Amino acid sequence: RLIWKASIRDLLAFFLNHRQKDMRIYKKIAIVLLVSIFAKVGFSDVNSIHVSSRLDPNAIIITQVDIIFVYDQDLLNTFPSTKTAWYSNQRRFISEAGDKIDLISVFIPQGFDSETVSLPERNLEAIKIFVFSQHDDSEAPPIEISSFQKVLIEIDEFGILVSRQG
């Protein structure tokens with residue numbers, strides 16, 4: 001306890017003995033350190049994903065849902081902007097991306113109640129996480145789910161609905 005008090009006294013004396021200009025630099029450094037300690041910039045919060053179909057169980061259709069975990073900032077600049085762009089160039093994109101992405105493809109039969117998706121080990125390190133579905137409109141953009149903790153992907157007659165699960 002005495003060491004702690006002496007350290008605080010020494011720190012106060014140090015700051016008081018320096019010019020005002022130096023104080024601004026120390027304040028900026030302190031702010032940057034605090035922000036870096038408490039901010040969680042660029043990492044996903046996703047810890048579970050469930051996929052279900054609300055379509056007629058008598059229909060003989062299987063829908064593919066792709067969940068893409070992106071770990072590299074540069075890939076976001078070339079990431080496909082529509083469902084058509086994703087599915088038409090999927091193999092090329094995956095081979096060029098290498099270990100900078102993880103792809104989870106889930107195939108859901110219509111009327112299927114729920115599928116819990118197995119997440120990659122490094123999913124919390126992803127910068128962004130996107131969802132595409134073959135059942136969506138051809139010009140549908142990817143749906144970003146990075147900030148969701150529990151994700152519910154529902155397939156209906158209009159496409160897919162993505163929401164936070166309670």
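As a reminder, the structure under discussion sits directly above these lines.
Residues numbered from 1 in each chain as written. Predicted model: local features only at pLDDT ≥ 70, side-chain atom pairs only at ≥ 80, totals over all residues. Heavy atoms only, no water.

*Asks:* Outline the side chain of Glu154, listing residues and values.
*Replies:* Structurally, the position occupied by Glu154 is in strand E7 (residues 150-156). Apart from the residues within four sequence positions on either side, Glu154 is in contact with Ser52, Arg54, Gly159, Ile160 and Leu161. (Helix = DSSP H or I, 4+ residues; strand = E, 2+ residues; numbered from the N terminus. Contact = heavy atoms within 4.5 Å.)

*Asks:* Describe in detail the packing of aromatic side chains, supporting the description with residues and values.
*Replies:* Counted under the stated rule, the structure contains 6 aromatic pairs. One aromatic cluster is present, formed by Phe79, Trp86, Phe93, Phe130 and Phe132 through successive ring pairs. (Phe/Tyr/Trp six-rings, centres within 6.5 Å; stacked < 30°, edge-to-face > 60°.)

*Asks:* Talk me through helix H5 (residues 90-97); I want residue IDs and the actual numbers.
*Replies:* Structural remark: α-helix, 3.6 residues per turn; residues separated by three or four positions point the same way. Along H5, the residues that are buried comprise Gln90, Phe93 and Ala97. For H5, the buried positions fall inside an angular range of 70° around the axis, keeping them on one side. Those residues of H5 that are exposed and aimed more than 90 degrees away from the buried face are Arg91, Ser95 and Glu96. Phi for Gly98, located one or two positions after H5, is positive at around 60°. (Buried < 20%, exposed > 50% of the residue type's maximum accessible area, 1.4 Å probe, protein only. Arc of directions from axis to C-beta.)

*Asks:* Go over the environment of Pro109 with me, naming the residues and quoting the values.
*Replies:* Looking at where Pro109 falls in the secondary structure, it is placed in strand E3 (residues 101-109). Residues Pro109 and Asn58, 51 residues apart in the sequence, show an inter-C-alpha distance of 9.9 Å. Ignoring anything within four residues of it in the chain, the contact list for Pro109 reads Ser53, Ile61 and Ile62.

*Asks:* Run through the side chain of Asp72, naming residues and quoting values.
*Replies:* For Asp72, the position within the fold is in the loop between strand E2 (62-70) and helix H3 (73-78). A polar atom in the side chain of Asp72 sits 3.0 Å from the backbone nitrogen of Asp74. (Polar contact = N/O pair within 3.5 Å; in protein donor to acceptor, adjacent residues only side chain to side chain.)

*Asks:* I'd like a rundown of the sheet that holds strand E6 (residues 143-144), residues and numbers included.
*Replies:* The sheet built from 4 strands is open, its strands ordered E3-E2-E5-E6 with antiparallel pairing. With one partner strand each, in any of the chains shown, E3 and E6 form the two edges of the open sheet. Two strands pair when backbone bridges link them, and E2 and E3 are joined in this way by 9 bridges, in the antiparallel orientation. Pairing of Ile68 across the sheet is with Leu103, part of E3. (Pairing = 2+ DSSP bridges.)

*Asks:* I'd like a rundown of the nonpolar core, residues and numbers included.
*Replies:* Grouped together as the largest cluster of nonpolar side chains are 21 residues, with contacts concentrated most on Ile49, Val51, Ile67, Phe69, Ile145 and Ile153. Not counting residues up to four positions away in its chain, the partners in contact with Ile153 are Ile49, His50, Val51, Ser52, Val65, Ile67, Val131, Ile160, Leu161 and Val162. Core analysis: the next-biggest nonpolar cluster, separate from the first, contains 11 residues, Val70, Trp86, Ala97 and Phe130 among them. (Core = buried A, V, L, I, M, F, W, Y, C linked by side-chain atoms within 4.5 Å.)

*Asks:* Describe the environment of Gln110, listing the residues and the values that go with them.
*Replies:* Tracing the sequence through the fold places Gln110 in the loop between E3 and strand E4 (115-116). Taking the C-alpha atoms as reference points, Gln110 and Ile62, 48 residues apart in sequence, are found 6.1 Å from one another.

*Asks:* Lay out the pairing of strand E8 (residues 159-164) in plain terms, naming residues and giving numbers.
*Replies:* Looking at chain direction, E7 and E8 are connected through 6 bridges and run antiparallel. Paired with Asp156 across the bridge in E8 is Gly159. Linking E7 to E8, which pair antiparallel, is a turn of 2 residues.

*Asks:* Go over the pattern of salt bridges with me, naming the residues and quoting the values.
*Replies:* Taken as a whole and assessed by the stated rule, the structure comprises 5 salt bridges. Between Arg54 and Asp156 there is a salt bridge, with its nearest N and O atoms 3.2 Å apart. Taken as a pair, Arg54 in the loop between strand E1 (48-53) and E2 and Asp156 in strand E7 lie far apart in primary sequence, 102 residues in all. Relative accessible area serves as the criterion here: at 45%, Arg54 is assigned to the partly exposed category. (Salt bridge = Lys/Arg side-chain N within 4 Å of Asp/Glu carboxyl O.)

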